[in-house]
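# Chain and residue survey
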Amino acid sequence: MNYIKYILLTFITVFTFQSCNSEKKSKGDTVEVYQCPMQCEGEKTYTEPGSCPVCNMDLKAVEKTSKVENDGAISEESIFNLTSLWHTQNDKTIQLKDLKGKTLVMVMIYTSCKAACPRLAADMRHIEAQIPDEKIKNIQFVLVSIDPKVDTPEKLKAFAKENAMDGEQWTFLQGTESGVREFANVLSVKYKEISPIDFSHSNIISVFNPQGELVHQQEGLGVNNETTVHTILDVTKT
Amino acid sequence: MKTHAFKLLVAFLVLQPLLFAQSKGMVSIKGSRYIPLYGRDSTVVEVSDFEMDAYPVTNKDYVDFVKKYPKWRKSKVIKLFADNSYLSNWKNDLELKDSEKPNSPVTYVSWFAAKEYCECQGKRLPTVDEWEYAAMADETTKDARIKPSYNAQILSWYEAPRSNENTIGNHPKNVWGVYDLHGLVWEWTQDFNSVLITGESRKDSDKDSKLFCGSASLNATNLMNYAAFMRYAIRGSLKAKYSMKNLGFRCVKDSKLVK
């Protein structure tokens, strides 16, 4: 009879631990952050209570606590909260939060695309060309594939070479189908596979500050990118 | 005796999945090719066999979920994944307001929350094509879209106010055995953000204006299916972190039956 007990116990254990993966990955402690009630320093927050250096008012605990990943605080709106895994064109596996600390200019493309993507890539290059050299090291231009089945790291690497986007500042990402769908939803990018080799998708270039918060979106193809460049320069430290 | 019991148990465990190919609370839906309102360029889409929750996820189901996964509690959920109205019909992290019924469909949930709920059960959200496929059935026919009664009935449900406060399973099930695809709440789909192709839905692009303007219907495959039209329009207007009073969800999974 002992056998049965053992077997049952094993099964119960197995089922109990069969829970959701992402829960384990995104474990993080919560902390209180403090902010000047008048927001004298904009969105700046402190980890300890005290008074505002500008207006001397007592700092107030920010109502919603923010999650802490192991390497410092990120806000609730940050895309670094996404825990999906991505492959770069150099076949490195990363999470988005590994890009933390740099301004991110992101766009969604697929490499077999003949219509809008080359122009989107060109738009990205035009933006990149307007960034002074001393800032470029603090910016990553990220092209995320909406076609993870076809766009393998090798394909992405070839695309990067072909389009003269193989410098350090360019990152190409292949995700999982669900990871890509989730990411597109964060960006409000809409896309649909309309045939095995063709996708329809929105043409949006998004700018994230070094904390991963969305600060600007440029919609459309070949549009004036002045504001986009301004925003990038604004949020990027030299 | 010991070994006998052991063998029996092993045999039982091995055979169990074969005996109950259908998962608990889910019904099997046999895939096929059909023409949805908006499809791929060939207009015919193919849906593989899948299993679908017979009922929408209820308030009670969701209470159990947040008990187990605190990150989705009302006070814990982060802004990236849900807007301010997330679970706004709840009294606190673990309790519904007294006016809410446990077996009403859960609403005020975002796409991110719905997606994770399904993934935590080893399931996923249905694609638009799968959902529409299951939903074009009525009580007796797999594709009831040509029947005037089918559309009239759905539209009369759409007109009924506050249907989200009703409880699940009060309408007859469709021919697959699925309840409440129509008549209670709208439901999240995995690729809800895919239909209004080019451009962000608030702006530009011919495809959008075609969908929303009067002449639009020419683009759709079936002028009669006004109800489906409304669903596609609603999906196009959603963002993944929105949570709404009349938007819930149910889960599906790929059929594991091997032929």
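Residues numbered from 1 in each chain as written. Chains lettered and ligands numbered in written order. Predicted model: local features only at pLDDT ≥ 70, side-chain atom pairs only at ≥ 80, totals over all residues.

## A few points about the overall build of chain A
Each helix and strand counted, chain A has seven helices and 14 strands in total. For chain A, contacts bridging at least 24 residues in sequence account for 62% of all contacts bridging at least 6. (Helix = DSSP H or I, 4+ residues; strand = E, 2+ residues; numbered from the N terminus. Contact = placed C-beta atoms within 7 Å.)

## Quick word on the overall build of chain B
Helix and strand counts for chain B come out as seven helices and seven strands. Reading the helices (α) and strands (β) of chain B from amino to carboxyl end gives α-β-β-β-β-α-α-α-α-β-α-α-β-β. Contacts in chain B between residues far apart in sequence, at least 24 positions, make up 73% of those at least 6 positions apart.

## Focus: the environment of V215(A)
Residues and elements named next belong to chain A. One can find V215 in strand 14 (residues 214–219). By the C-beta count within 10 Å, which is 15 here, V215 ends up partly exposed. Put simply, V215 and A122 are 93 residues apart on the chain and 21 Å apart in space, counted from C-alpha to C-alpha. Beyond its immediate sequence surroundings of up to four residues, V215 is in contact with V207, F208, N209, T231 and V235. (Buried ≥ 20, exposed ≤ 12 C-beta atoms within 10 Å, placed from the backbone.)

## Side note on the sheet that holds strand 4 (residues 50–53) of chain B
Residues and elements named next belong to chain B. Spatial strand order, 1-4-7: three strands in an open sheet with antiparallel pairing. The two strands at the open ends of the sheet, each matched to only one other strand, are strand 1 (26–29) and strand 7 (252–254). Averaged over neighbouring strand pairs, the angle between their axes works out to 25° when direction is ignored. Both strand 1 and strand 4 contribute to a ladder of four bridges, which runs antiparallel. Paired with I29 across the strands is F50, a residue of strand 4. (Pairing = 2+ DSSP bridges. Axes fitted to C-alpha atoms, helices over the stretch in contact; angles between N-to-C directions.)

## So, the pairing of strand 9 (residues 139–145) of chain A
Residue and element names in this part refer to chain A. The element strand 9 is largely enclosed, with a buried count of six among its seven residues. One ladder, built from seven bridges, connects strand 8 (residues 103–109) with strand 9; its direction is parallel. When the sheet's bridge partners are listed, V107 is paired in strand 9 with L143. Looking at chain direction, strand 9 and strand 10 (residues 170–174) are connected through four bridges and run parallel. Bridge pairing in strand 10 links F141 to W170. Handedness of the strand 9-helix 5 (residues 153–162)-strand 10 crossover: right-handed. (Right-handed = clockwise from strand over helix to strand, strands pointing away.)

## A few points about unusual backbone geometry
Residue and element names in this part refer to chain A. For D91, which is not glycine, the phi torsion reads 65° and is therefore positive. Summarising the element assignment, D91 is placed in the loop between strand 6 (85–88) and strand 7 (93–95). The class of D91 is exposed, set by 12 C-beta atoms lying within 10 Å. In the Ramachandran plot, A164 falls in the positive-phi region, its phi being about 55° despite a non-glycine side chain. Relative to the helices and strands, A164 resides in the loop between helix 5 and strand 10.

## Quick word on the pairing of strand 8 of chain A
Burial of strand 8 of chain A is extensive: seven of the seven residues sit out of reach of the surface. Taking every second residue as pointing to the same face, both faces of strand 8 of chain A are buried, with T103(A), V105(A), V107(A) and I109(A) on one and L104(A), M106(A) and M108(A) on the other.

## Topic: the sheet that holds strand 9 of chain A
Residues and elements named next belong to chain A. Read from one edge of the open sheet, seven strands run 7-6-10-9-8-13-14, paired in mixed fashion. Looking at the sheet topology across the chains shown, the edges are occupied by strand 7 and strand 14. Strand-to-strand, the axes of this sheet are offset by a mean angle of 30°, without reference to chain direction. Taken together, the four bridges between strand 8 and strand 13 (residues 204–208) define a ladder with antiparallel strand orientation.

## Overview of helix 2 (residues 59–68) of chain B
Residues and elements named next belong to chain B. For helix 2, the complete set of buried residues consists of N59, Y62, F65 and V66. One side of helix 2 carries all its buried residues, which in axial view fall inside an arc of 115°. Across helix 2 from its buried face, at more than 90 degrees, point the exposed residues D64, K67 and K68. Contacts made by the buried residues of helix 2 are with helix 3 (111–120). (Arc of directions from axis to C-beta.)

## Some details on the confidence of the model for chain A
Residues and elements named next belong to chain A. Across chain A, pLDDT averages 79, with 76% of residues at or above 70. Mean pLDDT across the elements of chain A bottoms out in strand 4 (residues 66–69) (40) and peaks in strand 10 (95). A low-confidence stretch, residues 64–71 (pLDDT under 50), is modelled with 22 contacts involving residues beyond four sequence positions or located in other chains. (pLDDT = per-residue confidence, 0-100.)

## Observations regarding the environment of S149(B)
Residue and element names in this part refer to chain B. Tracing the sequence through the fold places S149 in helix 5 (residues 148–159). In this structure S149 comes out as exposed when scored by C-beta crowding, with 9 C-beta atoms within 10 Å. Each C-alpha atom of the pair S149 and D138 lies 9.6 Å from the other, and the pair is 11 residues apart in sequence.

## Digging into the confidence of the model for chain B
All names here are of chain B. Residues at a pLDDT of 70 or more form 77% of chain B, whose mean pLDDT is 81. Throughout residues 197–220 the model reports pLDDT below 50, and contacts reaching past four residues in sequence, or to other chains, amount to 36 contacts. The complex prediction reports pTM at 0.73, with the ipTM value standing at 0.70.

## Observations regarding the packing of helix 5 of chain B against helix 7 (residues 226–237) of chain B
Residues and elements named next belong to chain B. Remark: helix 5 packs on helix 7, axes separated minimally by 8 Å, with the N-to-C direction vectors making an angle of 45°. By the angle class used here, helix 5 and helix 7 are oblique. Of the residues in helix 7, those touching helix 5 at N151, I154, L155 and Y158 are Y226, A227 and M230. Residue composition of the contact of helix 5 with helix 7, by class: six nonpolar, one polar and no charged. (Parallel < 35°, antiparallel > 145°, perpendicular 65-115°, else oblique. Nonpolar A, V, L, I, M, F, W, Y, C, P; charged D, E, K, R; others polar.)

## Thoughts on the environment of D151(A)
Residues and elements named next belong to chain A. Tracing the backbone through its elements, the reader meets D151 in the loop between strand 9 and helix 5. Classification of D151 as buried rests on a count of 25 C-beta atoms within 10 Å. It is 27 Å that separates the C-alpha atoms of D151 and T228, two residues lying 77 residues apart in sequence. Those residues within four positions of D151 in sequence are excluded, and the remaining contacts are Y110, T111, S145, L156 and Q174.

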